[in-house]
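Given next are the chains, with one letter for each unit.
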Amino acid sequence: MSTDDRLTDATDPEETLGDLLTYAELLNTPQLARLYVYVLRNGPIAIETVKNDLDVPHSTAYKYVGELEEMGILTRHDEETPTRITVDPIHLTIETDHGEVVATPVLVDAIGRQLDTEDIRVFVDRQGIPKLAAALHYTLRVMNGELTQRTAANKLDVHPVEGTTVITALQDVVEEATAYDPYLEPAE
């Protein structure tokens, strides 16, 4: 599902804002982000498999599946036994006074990775999700050869060691995301 058309052609502002708020929930909940990316990478997949592989309690797994379904990005395939689920790659573009903001699966994955990757978790704890999104932006530019890690860390306006550490961690996320994020442009 892409919200590009709905955001630029706001014929239904209630639905548009509703989409924005549900995506915000996805971007603010690392456990939900982790489940979303897991299903994106492995789907169609049984809910029980997701629950077991991610070591998520039964009620939590079904809660998050329900939330993703309400967002309109998860589909249950009830005709199969066991029921399998898939998710659509998100693509949210918002024009702001400060420029364009784009959220695709690689950003969702970076958010979810704070649960498993210490360098990302510490960075988010200190700097927050918006700074992580900026770090991802600069990581993509580093990988495309547009910036050095040092220049990217300086642009982030964080301690150089902290900047290069998170950029290095995010490079792993981006490399893996090329397999499942259809909006991610490969490095040149």
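Residues numbered from 1 in each chain as written. Predicted model: local features only at pLDDT ≥ 70, side-chain atom pairs only at ≥ 80, totals over all residues. Heavy atoms only, no water.

Enquirer: Looking at this model, I keep getting lost on the environment of Arg 150. Mind explaining?
Expert: For Arg 150, the position within the fold is in helix α9 (residues 149-156). Overall, the relative accessible area of 67% leaves Arg 150 in the exposed class. (Helix = DSSP H or I, 4+ residues; strand = E, 2+ residues; numbered from the N terminus. Buried < 20%, exposed > 50% of the residue type's maximum accessible area, 1.4 Å probe, protein only.)

Enquirer: For this particular structure, what's the right way to read the sheet that holds strand β1 (residues 45-46)?
Expert: Within a sheet, adjacent strands bond to each other through the backbone by hydrogen bonds, running parallel or antiparallel. The strand order across the open sheet built from three strands is β1-β3-β2, with neighbouring strands paired in antiparallel fashion. With partners counted over all chains shown, the strands left at the sheet margins are β1 and β2 (74-77), one partner each. Judged from the two bridges that link them, β1 and strand β3 (residues 84-87) form a sheet pairing that is antiparallel. Of the residues in β3, the one forming a bridge with Ala 46 is Arg 84. Seen against the sheet, helix α3 (residues 30-42) touches β1 and β3 and runs at an angle of roughly 100 degrees to β3. Contacting β2 and β3, helix α5 (residues 58-71) runs over the sheet at an angle of about 115 degrees to β2. (Pairing = 2+ DSSP bridges. Contact = heavy atoms within 4.5 Å. Axes fitted to C-alpha atoms, helices over the stretch in contact; angles between N-to-C directions.)

Enquirer: Could you clarify how one ought to interpret the pairing of strand β4 (residues 92-96) in this entry?
Expert: Sheet faces and side chains relate simply in a regular strand, where the side chains alternate between the two faces. As defined by bridge partners, β4 adjoins strand β5 (residues 99-103) across five bridges and the pair is classed as antiparallel. When the bridges of β5 are listed, Leu 92 appears paired with Ala 103. The antiparallel hairpin formed by β4 and β5 contains two residues in its connecting segment.

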